[in-house]
Amino acid sequence: MAEKTKKIIKTLKIDVNKCNGCRACEVICSAFHAEPKYSSNNPARSRIRIIRDPFRDIFVPVYAGEYTPAECAGRDKYMIDGKEYDECSFCRASCPSRPEFKEPDSGLPLKCDMCEGEDEPLCVKWCLVDALTYEEREEEVDEQEEQEEMEVSLEALANKYGLQKMMETFARMAQKD
Ligand code: SF4
Ligand code: SF4
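Residues numbered from 1 in each chain as written. Chains lettered and ligands numbered in written order. Predicted model: local features only at pLDDT ≥ 70, side-chain atom pairs only at ≥ 80, totals over all residues. Heavy atoms only, no water.

Asker: Would you take a moment to explain the side chain of Lys102 for this structure?
Answerer: Summarising the element assignment, Lys102 is placed in the loop between β5 (83-84) and α2 (122-126). Separated by 2.8 Å, the side chain of Lys102 and the backbone oxygen of Cys95 make a polar contact. (Helix = DSSP H or I, 4+ residues; strand = E, 2+ residues; numbered from the N terminus. Polar contact = N/O pair within 3.5 Å; in protein donor to acceptor, adjacent residues only side chain to side chain.)

Asker: What is the right way to read the site of ligand 1 from this model?
Answerer: Taken together, Cys19, Asn20, Gly21, Cys22, Arg23, Ala24, Cys25, Ile50, Pro61, Cys127, Val129 and Leu132 form the complete shell of residues around ligand 1. Split into classes, the residues belonging to the shell around ligand 1 amount to nine nonpolar, two polar and one charged. (Near = heavy atom within 4 Å. Nonpolar A, V, L, I, M, F, W, Y, C, P; charged D, E, K, R; others polar.)

Asker: How should I be thinking about a nonpolar patch on the surface in this particular structure?
Answerer: Together, Met150, Leu154, Phe170 and Met173 make up an exposed nonpolar region whose accessible area comes to about 400 Å². Among the secondary structure elements, those contributing two or more residues to the nonpolar patch are α3 (149-161) and α4 (163-176). Assignment of secondary structure puts Phe170 in helix α4. A relative accessible area of 40% means that Phe170 is categorised as partly exposed. (Patch = residues over 30% accessible without salt bridge, like charges linked within 9 Å, V, L, I, M, F, W, Y side chains within 5 Å. Areas by Shrake-Rupley, 256 points an atom, 1.4 Å probe, with all protein chains shown as cover. Salt bridge = Lys/Arg side-chain N within 4 Å of Asp/Glu carboxyl O. Buried < 20%, exposed > 50% of the residue type's maximum accessible area, 1.4 Å probe, protein only.)

Asker: How do you make sense of the pattern of salt bridges when you look at a structure like this?
Answerer: When charged atoms on two side chains of opposite charge get close, those side chains can pair. Taken as a whole, this structure holds 14 salt bridges when the rule is applied. Glu139 is the salt-bridge partner of Arg137, the closest N and O atoms lying 2.8 Å from each other. A residue is classified by how much of its surface remains accessible, and Arg137, at 42% relative accessible area, is partly exposed. Taking relative accessible area as the criterion, Glu139 reaches 31% and is therefore assigned partly exposed. Salt bridges sharing partners connect three or more residues here, namely Arg23, Glu26 and Arg49.

The values are spatial; any link to function lies outside them.
Below is the structure:
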């Protein structure tokens, strides 16, 4: 039987009726994740994106989830309370079918890390209308290994360029050092 272990479940609650589409969350997220921290900001690099269409009163924050190497066999398209949303609008994946949740220059996947190291996610702190709220709880789960962020990035590169080409590039880089 698998070992049990404690896990902290982090939840971000999103109230779409409160979101006004100001995009402060995108600004602070990209600034926090700049290298070095706060040296620049670029909402295209944010791990939260707002589906935003003021003429149709649509403001929906969506958080970057996992990287996926392949798109789904079919796409979803929602109609909610008379509002029609674009294909795959609510999906959190960094997926080959679209530019969201990828570094604009390299195409590497972006994933929300809940602002690791901070007591509260910065997008939650910066949302002045409380459209975003943060909760934590503890759960007992089977032991599982989480794939490290770097591993996911390397997998994405291997899928894009092939393992052989990556190995050759690393070998070249090592020689230069
Ligand atoms: S900061 Fe809050 S109100 Fe502004 S876009 Fe983000 S979620 Fe919406
Ligand atoms: S929790 Fe942190 S990493 Fe995730 S979207 Fe908000 S600011 Fe970005």
